[in-house]
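Chain by chain, the residues run as shown.
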Amino acid sequence: MSPDPKVASTRFNAREVEKIKQHFSVEFTQKLDSLSGDLNRAKAIYYLEEIYNKSGLLLSENIKNHIFQKVLAEFLGYGPIQPYLDDSSITEIMVNGPNAIYVERGGKLVKTNVTFEDNAHVMRVIEKITLPLGRRIDEDSPAVDTRLPDGSRVNAVIPPVAIDGPSITIRKFSKDKLKVDDIIEFGSINRTTADFLEACVVGRLNVVISGGTGSGKTTLLNILSSFIPADERIVTIEDSAELQLHQDHIVRLETKPPNIEGQGEVSIRKLVRNSLRMRPDRIVIGEVRGGEALDMLQAMNTGHDGSLTTLHANTPRDALSRLETMSLMSGLELPLRVIREQIASAVDVIVQQARLTDGSRKVTHITEVAGMEGDTIVMTDLFKFEQTDMEGEKILGELKSTGIRPMFSARLIAAGFELSPKMFGADMKSIMNARQRRSR
């Protein structure tokens, strides 16, 4: 497009505005080709002002700013989805194709009126995300997990796997590190159970956070890890580095996909094994998904107590079943009873996280793994979420004690935490009665 100054006007329809935006993009690209050095926002705006002044166009301030923002998002950000990345109220962005972009706000999914130009435009954004981190996505490797510079998790899938065109899913993370007071304020947990979980972490119990997709497992893992004493050495292991730990003494490990020849892959399992040679006080695994579960259990059972991890499961009992299944994926032909014994002796606490129907994320169970009875792993719910009412669409309720004091109380007391009977919502007589019922 070559604007004619003789027909300059402040009024343009949507199609004309899009043509002007494309003209600015072409001119801006040519400008960048003739320059050297890094591009920042101030430089970009200066160049756009130059292009505008030479165009002879008379644009209203709103249209001019709109076009500038579109071009800046394309060159400095990630195109049409950049405004949603900048919006702190949005927690997830889902691109199902060039004409279907959804966002999650307040736990609810909403379709936006924003679109990409075409599939090629979506691909350009995917490549802009993946290339700086050395991640590969093409027909031979059509899916990738990676991250944005702010730590947000990105999954991209392209044809032939994605039948209707390239797809992007971005799980955003808050730019500010959430603290335990924040999730108490959100109603995800209460002060009593937060204090109890702090005691579990400081007391070096092995904690597994279980939950469904989008339930807030990683956020809770970040917060629980903040309780780890600052003088301990932490090794984190993740597919895509997204944990935001607060301590200084941290070694962050991230998996590496195979190269184009299928060589050079570094899996979570390899990283778990390698971490044992790094003198860790704590091992924090972002998520266990496969055979590395057995390596993790063995590490927990051989002196690396106080470890933390997450996994996908809908209940604490399902979490144990998932651990069994993943341990069997290790390739070692161990009897199921042996695997269950490993789990029962390694895992101390399961924290169940859920996203409720109103979109809120809450801890619904804190469950003790109390050993074996025959071939069955014994579990005891210490705290359970009880729904009390509905306020419109909002679910009201509280995470309440079941009245049972955990068997690992002595370990927490040894770590300096006095767990009063009041914490568990029962007097000593009620606790003794509950213990007797449990032992039958």
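To be clear, the structure that these remarks concern was listed above.
Residues numbered from 1 in each chain as written. Predicted model: local features only at pLDDT ≥ 70, side-chain atom pairs only at ≥ 80, totals over all residues. Heavy atoms only, no water.

1. Notes on the environment of Met423
- Among the secondary structure elements, Met423 is positioned in the loop between helix H13 (409–414) and helix H14 (428–439).
- On the basis of relative accessible area, Met423 is assigned to the buried category, the value being 15%.
- In sequence terms Met423 and Asp375 are 48 residues apart; their C-alpha atoms lie 32 Å from each other.
- Setting aside chain neighbours within four positions, we find Met423 in contact with Thr192, Asp195, Phe196, Phe383 and Ser401. (Helix = DSSP H or I, 4+ residues; strand = E, 2+ residues; numbered from the N terminus. Buried < 20%, exposed > 50% of the residue type's maximum accessible area, 1.4 Å probe, protein only. Contact = heavy atoms within 4.5 Å.)

2. Considerations on the sheet that holds strand E3 (residues 108–111)
- Strand order in the open sheet formed by 6 strands is E3-E2-E1-E6-E5-E4, with antiparallel pairing between adjacent strands. The two strands at the open ends of the sheet, each matched to only one other strand, are E3 and strand E4 (143–147). Pairwise comparison of adjacent strand axes, ignoring direction, gives a mean angle of 15° for this sheet.
- Alignment of strand E5 (residues 153–157) against strand E6 (residues 167–171), held across 5 bridges, turns out to be antiparallel. In the sheet register, Val154 faces E6, and the bridge partner there is Ile170. (Pairing = 2+ DSSP bridges. Axes fitted to C-alpha atoms, helices over the stretch in contact; angles between N-to-C directions.)

3. Quick look at the packing of helix H1 (residues 14–33) against helix H3 (residues 61–76)
- Across the interface, H1 lies against H3 with an axial gap of 10 Å and an inter-helix angle of 50°. Judged on the interaxial angle alone, H3 and H1 are oblique. Of the two elements, H1 crosses H3, and the hand of that crossing is right-handed. Where H1 abuts H3, its residues Val17, Ile20, Lys21, Phe24, Ser25, Phe28, Thr29 and Leu32 lie against Ile63, His66, Ile67, Phe68, Lys70, Val71 and Phe75.
- Here the residues of the contact of H1 with H3 are counted per class, giving 10 nonpolar, 3 polar and 2 charged. (Parallel < 35°, antiparallel > 145°, perpendicular 65-115°, else oblique. Left-handed = near helix turned anticlockwise from the far one by under 90°. Nonpolar A, V, L, I, M, F, W, Y, C, P; charged D, E, K, R; others polar.)

4. Some details on the sheet that holds strand E14 (residues 376–391)
- Taken in spatial order, the 9 strands make up an open sheet running E9-E8-E10-E11-E7-E12-E13-E14-E15, and their pairing is mixed. Only two strands of the sheet have a single partner each, and these edge strands are strand E9 (250–254) and strand E15 (394–401). Between one strand axis and the next, the sheet turns through 25° on average, direction left out of account.
- Its contacts with the sheet place helix H7 (residues 191–202) against strand E10 (282–285), strand E11 (308–312), strand E12 (349–355), strand E13 (361–373), E14 and E15, and it is angled at close to 155° to E14.
- Running at roughly 120° to E13, helix H12 (residues 336–346) makes contact with E13 and E14 of the sheet.

5. A few points about the pairing of E11
- Taking burial as the measure, the 5 residues of E11 include 4 buried ones, the bulk of the element.
- Bridging between strand E7 (residues 207–211) and E11 involves 5 bridges; their strand directions are parallel. Looking across to E11, one finds that Ser210 is bridged to Leu311.
- As defined by bridge partners, E10 adjoins E11 across 2 bridges and the pair is classed as parallel. Paired with Ile285 across the strands is Thr309, a residue of E11.

6. A few points about the packing of aromatic side chains
- What the rule picks out here adds up to 5 aromatic pairs.
- On the numbers, 6.2 Å between centres and 50° between planes, the contact of Phe24 with Phe68 is tilted. Here Phe24 is found in helix H1, whereas its partner Phe68 is found in helix H3, with 44 residues between them in sequence.
- For the ring pair Phe196 and Phe383, a centre distance of 5.4 Å and an interplane angle of 55° mean the geometry is tilted. Taken together, the residues Phe196 in helix H7 and Phe383 in strand E14 connect sequence positions 187 residues apart. Here the two residues Phe196 and Phe383 agree in accessibility, since each one is buried. (Phe/Tyr/Trp six-rings, centres within 6.5 Å; stacked < 30°, edge-to-face > 60°.)

7. Quick look at unusual backbone geometry
- That bond from Pro159 to Pro160 is cis: its omega, 10°, falls within 30 degrees of zero.
- Mapped onto the elements, Pro160 comes out in the loop between E5 and E6.
- One non-glycine residue with positive phi stands out, namely Arg204, at about 65°.
- Here Arg204 shows up in the loop between H7 and E7.
- For Arg279, which is not glycine, the phi torsion reads 50° and is therefore positive.

8. Considerations on the pattern of salt bridges
- Throughout the structure, instances matching the rule amount to 25 salt bridges.
- Note that Glu92 and Arg171 form a salt bridge whose closest N and O atoms lie 3.0 Å from each other. Taken as a pair, Glu92 in strand E1 (residues 90–95) and Arg171 in strand E6 lie far apart in primary sequence, 79 residues in all. As far as burial versus exposure is concerned, Glu92 and Arg171 are alike and both buried.
- The shortest N-O distance in the salt bridge between Asp295 and Arg273 comes to 3.3 Å. Separated by 22 residues along the polypeptide, Asp295 in helix H10 (residues 292–300) and Arg273 in helix H9 (residues 268–275) bring together distant segments of the chain.
- Three or more residues are tied together by salt bridges with common partners; here these are Arg204, Glu232, Arg282 and Asp305. (Salt bridge = Lys/Arg side-chain N within 4 Å of Asp/Glu carboxyl O.)

9. Quick look at H1
- The first and last C-alpha atoms of H1 sit 29 Å apart over 20 residues, in line with the 28 Å expected at 1.5 Å per residue.
- Here H1 has its buried residues at Val17, Ile20, Lys21, His23, Phe24, Ser25 and Phe28.
- Buried residues in H1 make contact with helix H2 (41–55) and H3. (Expected span 1.5 Å × (residues − 1).)

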